Structures are given as C-alpha cells and as structure tokens.
Amino acid sequence: MSEKVNIAILGATGNVGRMFLRILEERNFPIKNLKLLSSEKSAGSKVKFQGKEYTVELATKDSFKDVDIVLASAGGTISKELVPHAVKAGAVIIDNSSAYRMDNDVPLVVAGVNNDALKNHKGIIANPNCTTAQLVPALKVLNELAGLKRVVISTYQSVSGAGKAAIDELSEQSKDHLSKGSYSSNSTNRKFAFNVVPHIDVFSDDGYTKEEIKVILESRKILSLPDLRITCTAVRVPVYTGHSESVNVELNNSTTVKQITDAFSKDPLIEIVDDPTNSKYPMAIDVADKDPVYIGRIRKDNSNPNTFNMWIVADNLRIGAALNAVRIAEVLVKENLVKAKVN
Ligand SMILES: NC(=O)c1ccc[n+]([C@@H]2O[C@H](COP(=O)([O-])OP(=O)(O)OC[C@H]3O[C@@H](n4cnc5c(N)ncnc54)[C@H](OP(=O)(O)O)[C@@H]3O)[C@@H](O)[C@H]2O)c1
C-alpha cells in the first residue's frame, strides 16, 4: 500500500475506537492525516498515536471535510445522524454500528469472507455484529465443503462487547460481591458479575433478542444465503474480552471431522486449537489481542446425520470490530475503492 489516506475515527475514545488506533499502528496503515472524534465528554482529551499527541475533537456534521475514510464506532444513533454528512463530504464510512447493516445498498463485509461486496459500495460499508464476524468465516468454509443445511448457535459473550462502561461495571460488581456478598445494578441484564445473562440488546415480539436476530440476518446477508436455516441464543458471561460460541451445524452432504479440520486449517482467518486429550481448546482468556478466529472441540453430533459441533472463540474487539474494519480499509486502498480521494 503506497497511497496515504486521511482517516477520521468517530468514537475514538471508546473500546472499539481505542482498538482502531492500536491496529492502525500495528499494521502501519498508510495515514496522511488522522482526526479523532468523540462526544463532548472526551472532546479536548489527548491521545498518543505513533509517538504524536492528538487532541480529540467534538464530532459534528462538519467534521468530515477532506477525510477519505471514516472508521465509525460511536453507536447507531450517532451513525444515523453523522454518516450522511460524511458521505456528502466525500468520505467512505466503515460503520461498526447496526444502523446500516441490513440496508440493501450497503455492503456488509467480513474481510476475507466477502470482499467482492466492497466493489459496489456507495459510500457506506457496514461491519457486522462481533458475534457474526467470528462465525461467518467458519460457516463459509463449511458451506463450500458440504453445504449448510441448518445452524444452531449459543453465544457466551464478553462484557467488552457492551462498551467500556460495561468493563468497569463488571470490575465494580465483582469487587462488591467479593467484599460485601452482593452488588446492585441499574438493569437486570447488566448484572454481569458471577452471573450468566440470556439477554443482550432488547427483546422483540417473537421472543428473540435483537442481538440474536442480528446474528441470523447478518450471517445470511454476508454468506448470500437468504434462506439459511439458522437460530441463535445470545448470552452475556462475566469475561472482559473474547466471545465464545457453541455452534451445531447440519450439512447437506456427508463429510468427516478430518475433512472439516483440514478445510478450516487452509482458511487464513482461522486457527485450529483442537487437542482435547491434552486439554487444548480455544478459551476467551487466551485470545485477547490475537487476530485469528480460533476453532476447537470439532466433533460429530451423534444425534443427527451429517451434523457437527464446534467451539469458536475470538477477540470481539478485533475481528469482531476494529481489525475487520481496518482490513476493509486496507482492501479499499489496495483495490483503489476509496473513491477519487486517494492521491
Ligand atoms: N465492543 C464490541 O465488541 C463491538 C463489536 C462490534 C461493534 N460494536 C459497535 O461499535 C460501537 C461502539 O462500541 P464501543 O464498545 O466502542 O462503545 P464505547 O466503549 O461505549 O464507546 C463509544 C464511543 O462513542 C463516542 N460517542 C458517544 N456519544 C457520542 C456522540 N454523541 N458523538 C460522538 N461520539 C460519541 C464515545 O465518546 P466519549 O468518550 O466522549 O463518550 C466513545 O468514543 C457500537 O455501535 C457497538 O455496537 C462494538
């Protein structure tokens, strides 16, 4: 990548925003100018990037002049409000919120899974929900190997998926529970410490949460399988970083654990950790700050033909958000898809 681009990070002081900065630095992304945007709360604060100090600015509709790529992670409401202004200013927005993911003319992309969708972008590219992002690399491989018939997912999601405030809440709740034997919380589904909560995002009329619906609809869109039979139960667990998923996949054609493992091993996004006799399997505590999607516990489901169980774990702030967005930005630059703005 030789071209340098002007980057703005909308939500630069949040969990995902700070991870953007780390990943841009790690990957030596070709940045000409960098703009860091936040709410009034953090505007004016100082952030170091590549040895230089930057002052965080208040995000407004006028923040996007001369910006080539906006990495947005300030939540759906802010994206709805500010992204149209960024598009109008000529920037390409890679949005981490759910605001535009299911829009027909917005590509929903996991880099390395459906890069082709980027070619048709009209200024907005959506990054999927973190739970979907670590699931679809595996589903794509399985679909190519033997055809997906039905997928059943149960998630075990870390609190960092709920923003930086949730990390502090888990710490405070844990301290209170250990010192006083109890803790208080403003809402039932934020009783994180020493608990397992089957409620992420709001409930819809059919009894599913929005988080579960996101996994279902976003997986279908990314894989271009609109009729895929897929269901999900999304659960919050008291873990700081790393989402885990128990995935049961029924396939159309017969295959073996070995063939599945071999196919996964060839995928650059996936790393196999599957040696149960030596207690080797992916665990959330081991994946923080790592790039791959880890898969283990691959085994036949003896209750149903052509069906397999597996355990998928990844750093939700990396492949689930910031790393995927930066990888998308790299493809845009490499394939000259940052419309007319790259010098
Ligand atoms: N965490 C994950 O695993 C994950 C994965 C995929 C997608 N996402 C999505 O990414 C987004 C951010 O998540 P997060 O975990 O980084 O949240 P977070 O830690 O709560 O950070 C939110 C960021 O948005 C900024 N912000 C809030 N209100 C704003 C406003 N009115 N104008 C401008 N900036 C504003 C905050 O700035 P202040 O510092 O000023 O408050 C902060 O920088 C959400 O849409 C989330 O769904 C998160």
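Computed from a prediction, not measured in an experiment: that's the story for all the values here.

Across all of its chains, the model carries 17 salt bridges by this definition. Salt-bridge contacts for Lys61 lead to Asp62; the nearest nitrogen and oxygen are separated by 4.0 Å. For Lys119, the salt bridge identified is with Asp116, shortest N-O distance 3.3 Å. Take Lys119 and Asp116: they sit in the same class, and that class is exposed. Connected via shared salt-bridge partners are Arg22, Glu26, Asp289, Asp291 and Arg318.

The next point concerns the packing of aromatic side chains. All told, the structure shown has 2 aromatic pairs when counted by the stated rule. A centroid spacing of 6.3 Å and a plane angle of 65° characterise the contact between Phe49 and Tyr54, whose relative ring orientation is edge-to-face. On the accessibility criterion, Tyr54 (16% relative accessible area) is buried. With a centroid separation of 5.1 Å and 70° between ring planes, the pair formed by Tyr156 and Trp311 is classed as edge-to-face.

Attention now moves to the site of the ligand. Taken together, 26 residues lie near the ligand, and Thr13, Asn15, Val16, Ser39 and Ser42 sit nearest. Measuring from an oxygen atom of the ligand, one finds a backbone N or O atom of Gly11 at 3.1 Å. Residue Thr13 places a side-chain N or O atom 2.5 Å away from an oxygen atom belonging to the ligand. Summarising the interface, the protein chains cover 81% of the accessible area of the ligand, which totals 910 Å² for the free molecule. At the level of secondary structure, the elements contributing two or more residues to the shell around the ligand comprise helix H1 (15-26) and helix H8 (318-334). Per-class residue counts for the shell around the ligand are 8 nonpolar, 16 polar and 2 charged. A domain split of the shell around the ligand shows at least three residues from each of domain 1 (5-128 + 321-334) and domain 2 (132-316).

Looking now at the domain arrangement of the chain. One can read the domain layout of the chain as domain 1 (5-128 + 321-334) and domain 2 (132-316). Here the C-alpha centroids of domain 1 and domain 2 sit 25 Å apart. Domain 1 puts 24 residues into the contact, and the matching count from domain 2 is 19 residues. Note on domain 1 versus domain 2: buried area summed over both sides is about 1700 Å², and carbon and sulfur give 55% of it.

Glancing now at the sheet that holds strand E12 (residues 270-272). Within a sheet, each strand pairs with its neighbour through backbone hydrogen bonds, oriented either parallel or antiparallel. In spatial order, the strands read E10-E9-E11-E14-E13-E12; together these 6 strands make up an open sheet with mixed pairing. Both edges of this open sheet fall to strand E10 (229-233) and E12, since each of them pairs with a single strand only. Direction aside, the axes of adjacent strands within the sheet are offset by 25° on average. In the sheet, strand E13 (residues 293-300) pairs with strand E14 (residues 307-314) via 5 bridges, with the strands oriented antiparallel.

Criteria and thresholds
- Residues numbered from 1 in each chain as written.
- Predicted model: local features only at pLDDT ≥ 70, side-chain atom pairs only at ≥ 80, totals over all residues.
- Heavy atoms only, no water.
- Salt bridge = Lys/Arg side-chain N within 4 Å of Asp/Glu carboxyl O.
- Buried < 20%, exposed > 50% of the residue type's maximum accessible area, 1.4 Å probe, protein only.
- Phe/Tyr/Trp six-rings, centres within 6.5 Å; stacked < 30°, edge-to-face > 60°.
- Near = heavy atom within 4 Å.
- Polar contact = N/O pair within 3.5 Å; in protein donor to acceptor, adjacent residues only side chain to side chain.
- Areas by Shrake-Rupley, 256 points an atom, 1.4 Å probe, with all protein chains shown as cover.
- Helix = DSSP H or I, 4+ residues; strand = E, 2+ residues; numbered from the N terminus.
- Nonpolar A, V, L, I, M, F, W, Y, C, P; charged D, E, K, R; others polar.
- Domains from an automatic or database assignment.
- Contact = heavy atoms within 4.5 Å.
- Buried area = accessible area lost by both parts, 1.4 Å probe.
- Pairing = 2+ DSSP bridges.
- Axes fitted to C-alpha atoms, helices over the stretch in contact; angles between N-to-C directions.

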